[in-house]
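Listed here are the chains, written in short residue letters.
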Amino acid sequence: GSLTHSTTVTLVVSTATSGAKVISIDFTGSGTVMASTESAGVIAKTNWNPANAAQSAAPLNLVDETGSATSASVTWSADNTWSTPITDTAGNNRMMRGYLDNGSGNPITVTVSSLSAGKYNIYVYMDGDNGTFTKTGIYQISGSGIATTSIRATDAARTNFSGKFTRANNSNGNYVLFGSVTIASGFTITATPGTATGSPRSPVNGIQIVPAGP
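What you see is a predicted model, and the numbers here were worked out from it, not measured in a lab. (Residues numbered from 1 in each chain as written. Predicted model: local features only at pLDDT ≥ 70, side-chain atom pairs only at ≥ 80, totals over all residues. Heavy atoms only, no water.)

Engineer: Describe in detail the pairing of strand β14 (residues 206–211), supporting the description with residues and values.
Structural biologist: Counting buried positions along β14 gives six out of six residues, so the element sits mostly inside the fold. Burial along β14 is two-sided: the face carrying G206, Q208 and V210 and the face carrying I207, I209 and P211 are both buried. One ladder, built from four bridges, connects strand β1 (residues 23–27) with β14; its direction is antiparallel. Note that in β14 the partner of I23 across the bridge is I209. Examined bridge by bridge, strand β8 (residues 118–125) and β14 share six bridges and lie antiparallel to one another. In the sheet register, Y120 faces β14, and the bridge partner there is P211. (Buried < 20%, exposed > 50% of the residue type's maximum accessible area, 1.4 Å probe, protein only. Helix = DSSP H or I, 4+ residues; strand = E, 2+ residues; numbered from the N terminus. Pairing = 2+ DSSP bridges.)

Okay, structure coming up:
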């Protein structure tokens, strides 16, 4: 004869960055500041950190998706701010509406410091008010111990955010992803204007710092 035995197994899956939560940063530009309860992003989360103005007067201390304080802070620098002509509604539209802009053609820099060490997926959102023009930006991540990596993202003509996120990987889209980046303590995103019809641009609407899974 044969003996059959059944049992229950519990599988626990944890992230590689133990205890870390998602940190989201919204560059409000000429748009409206998001409420803490608004959810947005490819990884939909609340408690976006509002980063106002074209340049940071001082480091902005960051909270995570639960609204809890973290050790991390962010500084940024751009020529100016602007907004796309989309409806100002809560959530994704509001996050994607305002952005850091290159009115004088200079690169935009965003530096996150004192982040808990670990492996992260870094989402950079980009969509500008480009009207009938097509513009390509070069988005780069760098930092101590990080292999400097660049991705080209093209903001197609007559295409504003309409509720759908499209990943750009040397192609058209409205966000780029730097996946599984091992970070010791921080990183810098540099957005440099590339080829374009009309004035070159490389907008930055927001950033999400997402602990990478195992």
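Next comes the rest of the account.
Engineer: For the nonpolar core, give the residues involved together with the corresponding values.
Structural biologist: Of all hydrophobic cores here, the largest spans 34 residues; its most connected members are I122, F178 and F187. Looking at this core element by element, the count peaks at four residues for strand β12 (residues 175–183). Those residues in contact with F187, other than ones at most four positions away along the chain, are V110, T111, V112, L115, I122, I141, S142, I146 and I209. Core analysis: the next-biggest nonpolar cluster, separate from the first, contains 14 residues, W48, Y123, F165 and V210 among them. (Core = buried A, V, L, I, M, F, W, Y, C linked by side-chain atoms within 4.5 Å. Contact = heavy atoms within 4.5 Å.)

Engineer: Account for the sheet that holds β14, with residues named and values stated.
Structural biologist: Ordered by their spatial adjacency, five strands build an open sheet running β2-β1-β14-β8-β12, and the pairing between neighbours is mixed. Looking at which strands have only one partner, the edges of the open sheet turn out to be β2 (49–51) and β12. Shown here is a sheet whose adjacent strand axes are inclined to one another by a mean of 20°, direction ignored. (Axes fitted to C-alpha atoms, helices over the stretch in contact; angles between N-to-C directions.)

Engineer: Which residues make up the side chain of S83, and what are the values?
Structural biologist: Summarising the element assignment, S83 is placed in strand β5 (residues 80–83). S83 has contacts with S30, G31, R97, G98, Y99 and D129, leaving out every residue within four places of it along the chain.

Engineer: So what's going on with the sheet that holds strand β9 (residues 135–142)? Residues and values would help.
Structural biologist: One open sheet holds the seven strands; their spatial order is β3-β4-β7-β13-β9-β10-β11, and the pairing between them is mixed. Unpaired on one side and paired on the other, β3 (60–63) and β11 (171–172) mark the two borders of the sheet. Relative to β11, strand β10 (residues 149–155) runs parallel, the two sharing two bridges. Within the sheet, the bridge partner assigned to A153 lies in β11 and is S171.

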